Amino acid sequence: MRYDFDEIIERRGTRSEKWDTYPADVLPMWVADGDFKSPEPVTQAIIGAVHRGLFGYTIADGAFERAYAHWAASRYGWEADPDWVLWAPSLGASLATCIRAFSKPGGRVAMLSPIYPPFINLCYLNGRLPEQSALRDRGHGYAIDFADLEARLAHPDTKLLLLCNPHNPTGRVLSRRELERIGELCLRYNVIIFSDEIHADIVFKGKHVCFPTLSPELASITMVGMNASKTFNLADLRSAAIIASNPRLRQSFVSEIARCNVGRCSLGIAGVIAAYTRCADYADQLVPYLEANMRLAVDSFSSATTHISASMPEGTFLLWLNCKKMEMTQAELVNFFLAKAKVALNSGASFGKGGEGFMRLNVACPRATLRDGLRRIAKALAER
Ligand SMILES: Cc1ncc(COP(=O)(O)O)c(C=O)c1O
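Computed from a predicted structure; not experimentally measured. (Residues numbered from 1 in each chain as written. Predicted model: local features only at pLDDT ≥ 70, side-chain atom pairs only at ≥ 80, totals over all residues. Heavy atoms only, no water.)

Draft legend 1. A look at the nonpolar core. Ranked by internal contacts, the top residues of the largest apolar core, which has 71 residues, are Tyr68, Met226, Phe232, Tyr276, Phe337 and Leu361. The biggest single contributor to this core is helix α12 (residues 280-304), with ten residues. Taken domain by domain, the makeup of this core includes at least three residues from each of domain 1 (17-39 + 281-383) and domain 2 (45-278). Apart from residues lying up to four places away in sequence, Tyr68 is in contact with Val85, Met226, Asn227, Ala228, Ser239, Ala240, Ala241, Ile243, Val272 and Tyr276. If you look at the next biggest cluster of nonpolar residues, it comprises 27 residues, including Ala96, Met111, Met223 and Phe253. (Core = buried A, V, L, I, M, F, W, Y, C linked by side-chain atoms within 4.5 Å. Buried < 20%, exposed > 50% of the residue type's maximum accessible area, 1.4 Å probe, protein only. Helix = DSSP H or I, 4+ residues; strand = E, 2+ residues; numbered from the N terminus. Domains from an automatic or database assignment. Contact = heavy atoms within 4.5 Å.)

The following block contains the structure:
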């Protein structure tokens, strides 16, 4: 079927984090939450479950695990066995679980920064040190500083690498060669990899390489984090998955998450199964829509101002804006967008090393909403 991503749905007053955090005159373009209606089979699957009117504890019957394995095989060419799939309430929770399971208190956890803020915060909250290897900004995209990354992985207290690919916030989709080099270093220094691939479906240029497909050796030290939430707007369904071929990694993960005694939600599971087994056409149509939105945003910055620059990302619906030429402090930048332009963006400073002077803009919204946001920013820049 044809999906209408131009449809505008009122989200204010729905306890939406994105829409109900800021005053009504502010257009929210921050948290990585899309404004598109989820595909109909997802809604119908949940309605079917709701109609029974019973919300008791649920068990694993294998359908959720098969759905994730099916998506990994059909979209990323990774023939994951459903037995390798572990349920988790969210990728955030599984990040925390991996930090606790695969590093020691006081130990170091490596990552490429700037980075999705919980990579950093969850290290601190769990008594670990985030080892941020800053990506090199080449002006037209970011590159890994392999010498710096190696030094951090070589540290005897570093036991875990949190990788994010496609990368939030820079939009880099790492190449096979880059991933192989990262993998070689992790093998050399005995570092486990948690590969957060939550944005894997949103790729404009090149192809997403699912980390364990690089080699069986690399698969044996890797756990992949997936969630249908970004592609199908299901963040509220709290039904993510961790996939690992190595039973020892799975066992460590399961033992750690068991300490929290969290349980599955059947409504979320029904939604994810529908998305991954019946809605591939939605993902196919969403990607070109997001790519066109992204181009519109990138072009608008190059025509509206020389003070903000953005290069076309290879993937994700997140645009990383270099605002250094605005010559403002980070607090002034945040205030400029919020109070003058009346758009809510994410402050680059929250993304760790390399984030100062940047802001992150989410383009996962109907085109008319995006145009409204871009116009607000252009107007505020003109009046500056
Ligand atoms: C890279 C990345 N990982 C994880 C998450 C959060 O996922 P979840 O809602 O499953 O915790 C996000 C959300 O923005 C993200 O961008």
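There's plenty left to go through after this.
Draft legend 2. Expanded view of the packing of aromatic side chains. For the structure shown, the criterion picks out 18 aromatic pairs. Relative to Tyr282, the ring of Phe5 has its centre 5.3 Å away and its plane inclined at 80°; by these criteria the two rings are edge-to-face. Of this pair, Phe5 sits in the segment before α1 (17-20) while Tyr282 is found in helix α12, placing the two residues 277 residues apart along the sequence. In this structure, Phe5 and Tyr282 share a single accessibility class: buried. An angle of 40° between the planes, with centres 6.1 Å apart, marks the rings of Trp78 and Trp84 as tilted. (Phe/Tyr/Trp six-rings, centres within 6.5 Å; stacked < 30°, edge-to-face > 60°.)

Draft legend 3. Geometry of the sheet that holds strand β11 (residues 318-322). Taken together, three strands build an open sheet; the order of strands is β11-β14-β13 and the sheet is antiparallel. At either end of the open sheet lies a strand with only one pairing partner, and these are β11 and β13 (346-347). Direction of pairing for β11 relative to strand β14 (residues 358-362): antiparallel, over a ladder of five bridges. In the sheet register, Leu321 faces β14, and the bridge partner there is Met359. Contacts between helix α13 (residues 330-341) and the sheet are confined to β13 and β14, with β14 contributing the most and set at about 30° to the helix. (Pairing = 2+ DSSP bridges. Axes fitted to C-alpha atoms, helices over the stretch in contact; angles between N-to-C directions.)

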